Amino acid sequence: MDPSAKRDIEAQCGRLPVAYAVYIDFRRFDELCDLFAEDAVLNLDGWPLEGREAIRAYMHSRPKTRTTRHAVSNILIEVQDATRAIGTTYVTSYRFDA
């Protein structure tokens with residue numbers, strides 16, 4: 001694989017956890033849901049949300065009194081080929097329910 005193409009994939013994939021954190025923290029739920037494929041599964045501590053629309057419905061049901069801040073770090077993207085990459089990210093989540 002061309003090194004430039006690999007760097008581009010790494011950058012695009014590395015943006016995902018940062019975008020997720022910003023979008024959820026600032027209640028930009030439609031943009032957050034657009035990060036997921038139509039048939040995505042988001043597993044929240046053993047409670048799977050199946051499909052983008054289920055994820056969207058859950059996000060919009062979050063209490064308006066809940067404030068979160070997610071700190072993401074140690075983002076490692078390992079490009080497998082032109083269509084696959086494996087990513088690992090550390091996340092520290094702060095939550096306040098008024």
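No experiment lies behind these values; they were computed from the predicted model shown. (Residues numbered from 1 in each chain as written. Predicted model: local features only at pLDDT ≥ 70, side-chain atom pairs only at ≥ 80, totals over all residues. Heavy atoms only, no water.)

With respect to the helices, strands and loops of the structure, Arg52 is situated in helix α3 (residues 52–61). Dropping the residues within four chain positions of it, Arg52 is found in contact with Cys33, Asp34, Phe36, Ala37 and Glu38. (Helix = DSSP H or I, 4+ residues; strand = E, 2+ residues; numbered from the N terminus. Contact = heavy atoms within 4.5 Å.)

Taken together, Val18, Val22, Phe26 and Ile75 make up a surface patch of nonpolar side chains, about 310 Å² in accessible area. The class for Phe26 is exposed, based on a relative accessible area of 52%. (Patch = residues over 30% accessible without salt bridge, like charges linked within 9 Å, V, L, I, M, F, W, Y side chains within 5 Å. Areas by Shrake-Rupley, 256 points an atom, 1.4 Å probe, with all protein chains shown as cover. Salt bridge = Lys/Arg side-chain N within 4 Å of Asp/Glu carboxyl O. Buried < 20%, exposed > 50% of the residue type's maximum accessible area, 1.4 Å probe, protein only.)

As a further point, take helix α1 (residues 3–25). An ideal rise of 1.5 Å per residue puts 33 Å on 23 residues; α1 measures up with 34 Å between its terminal C-alpha atoms. Along α1, the helix axis deviates most sharply at Leu16, where the bend reaches about 25 degrees; the proline Pro17 sits within four residues downstream. Within α1, the full set of buried residues consists of Ile9, Gly14, Pro17, Ala19, Ala21, Tyr23, Ile24 and Asp25. Measuring from the backbone nitrogen of Ser4 back to the side-chain oxygen at the start of α1 gives 2.9 Å, which picks out Asp2 as the cap. Once α1 ends, the next one or two residues include Arg27, with phi positive near 55 degrees. (Expected span 1.5 Å × (residues − 1). Bend = angle between axes of the 7 residues up to and from the residue. Polar contact = N/O pair within 3.5 Å; in protein donor to acceptor, adjacent residues only side chain to side chain.)

Examined against the element boundaries, Asp8 turns out to sit in helix α1. Judged by its relative accessible area of 42%, Asp8 falls in the partly exposed class. Residues Asp8 and Asn43, 35 residues apart in the sequence, show an inter-C-alpha distance of 28 Å.

Of note, Ala85 is situated in strand β4 (residues 84–97). Spatially, the C-alpha atoms of Ala85 and His70 are 23 Å apart, while their sequence positions differ by 15 residues.

Moving on, we come to α3. For α3, every residue scored as buried is listed here: Arg52, Ile55, Arg56 and Met59. Take α3 and look down its axis: the buried residues cluster within an arc of 100 degrees, on one side only. Looking at the buried residues of α3, the elements they touch are α1, α2 (29–33), β1 (41–44) and β2 (47–50). (Arc of directions from axis to C-beta.)

Moving on: the confidence of the model for the protein chain. Mean pLDDT over the protein chain stands at 96; residues scoring 70 or higher make up 100%. For the protein chain, per-element mean pLDDT is lowest for β1, which scores 94, and highest for strand β3 (residues 66–81), which scores 98. (pLDDT = per-residue confidence, 0-100.)

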